[in-house]
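# Architecture and fold: a report
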Amino acid sequence: QVQLAESGGGLVEAGGSLTLSCAASGRSFSSYTMAWFRQVPAKERELVAGINWLGGIWYSDSVKGRFTISRDNAKNTVYLSLDTLKPEDTAVYYCAARLRSTAKGRYDYWGQGTQVTVSS
């Protein structure tokens, strides 16, 4: 029902910046909780940041002060701005959406992911 498409990943040097975008289909984007996760090989997915339909925002401790999540409901898009990147930020980053009717902490839809690689 909801399709998510991430973009903006790439290869950057430590200390650099990237902005990831997630474009969503659907008619009720403004009512979704949106989140970014990341995953490295042999590790479970980690919640990076989230923003709910009320505007509440949360971040993992590892990215606080460096990453910023935002949304543009008119464009059906959520963004993740990554600043002061570190090699340990290297991962596949996934966009996820949760409907208002879904229990807290669960996500209903996932994108295919975009690779972020931080060198040095």
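Report follows, based on the coordinates. Quantities reported herein were computed from a predicted structural model and do not represent experimental measurements.

## Structural notes on the overall build of the chain
Across its full length, the chain carries 0 helices and 11 strands. Ordered by position from N to C terminus, the α and β elements of the chain give β-β-β-β-β-β-β-β-β-β-β. Against the globule reference of 14 Å for 120 residues, the chain gives a C-alpha radius of gyration of 14 Å, in line with a compact fold. Here the C-alpha coordinates of the chain stretch approximately 45 × 30 × 25 Å along the principal axes. Burial analysis of the chain (120 residues in total) assigns 41% to the buried set. Long-range contacts, defined here as pairs at least 24 residues apart, represent 53% of the contacts in the chain between residues at least 6 apart.

## With respect to the packing of aromatic side chains
Summed over the entire model, instances satisfying the criterion amount to 4 aromatic pairs. Taking the centre distance of 6.1 Å and the plane angle of 75° together, the rings of Phe-29 and Tyr-32 count as edge-to-face. No difference in accessibility class separates Phe-29 from Tyr-32, as the two residues are buried. Aromatic pair Tyr-107 and Trp-110: ring centres 6.2 Å apart, planes at 65°, arrangement edge-to-face. Relative accessible area serves as the criterion here: at 16%, Tyr-107 is assigned to the buried category. Against the face of Trp-110 rests Arg-45, its NZ or CZ located 4.6 Å from the ring centre. Over the aromatic face of Tyr-107 sits the side chain of Arg-98, whose NZ or CZ is 5.8 Å from the ring centroid.

## Some thoughts on the nonpolar core
Counting 28 residues, the largest nonpolar core has Leu-4, Met-34, Trp-36, Val-78, Leu-80 and Tyr-93 as the members making the most contacts within it. Counting only elements with at least two residues in this core, the list comes to strand 3 (18-24), strand 4 (33-39), strand 5 (46-51), strand 7 (67-72), strand 8 (77-82), strand 9 (91-98) and strand 11 (114-119).

## Observations regarding the pattern of salt bridges
Within the structure shown, the criterion is met by 4 salt bridges. One salt bridge connects Glu-46 with Arg-38, and the closest N-O pair in it is separated by 2.9 Å. We classify Arg-38 as buried; its relative accessible area is 8%. For Lys-64, the salt bridge identified is with Asp-61, shortest N-O distance 3.2 Å. For Asp-61, a relative accessible area of 68% gives the class exposed.

## Thoughts on the side chain of Arg-98
The residue Arg-98 is located in strand 9 in this model. The side chain of Arg-98 is buried and forms no salt bridge, while Asp-108, the nearest opposite charge, is found at 6.4 Å. Here the side chain of Arg-98 touches Arg-106 through a polar contact of 3.3 Å, landing on its backbone oxygen.

The rules behind each value
Residues numbered from 1 in each chain as written. Predicted model: local features only at pLDDT ≥ 70, side-chain atom pairs only at ≥ 80, totals over all residues. Heavy atoms only, no water. Helix = DSSP H or I, 4+ residues; strand = E, 2+ residues; numbered from the N terminus. Rg over C-alpha atoms; globule rule 2.2 N^0.38 Å. Buried < 20%, exposed > 50% of the residue type's maximum accessible area, 1.4 Å probe, protein only. Contact = heavy atoms within 4.5 Å. Phe/Tyr/Trp six-rings, centres within 6.5 Å; stacked < 30°, edge-to-face > 60°. Lys NZ or Arg CZ within 6 Å of the ring centre and 35° of its normal. Core = buried A, V, L, I, M, F, W, Y, C linked by side-chain atoms within 4.5 Å. Salt bridge = Lys/Arg side-chain N within 4 Å of Asp/Glu carboxyl O. Lys, Arg positive; Asp, Glu negative; His and termini not counted. Polar contact = N/O pair within 3.5 Å; in protein donor to acceptor, adjacent residues only side chain to side chain.

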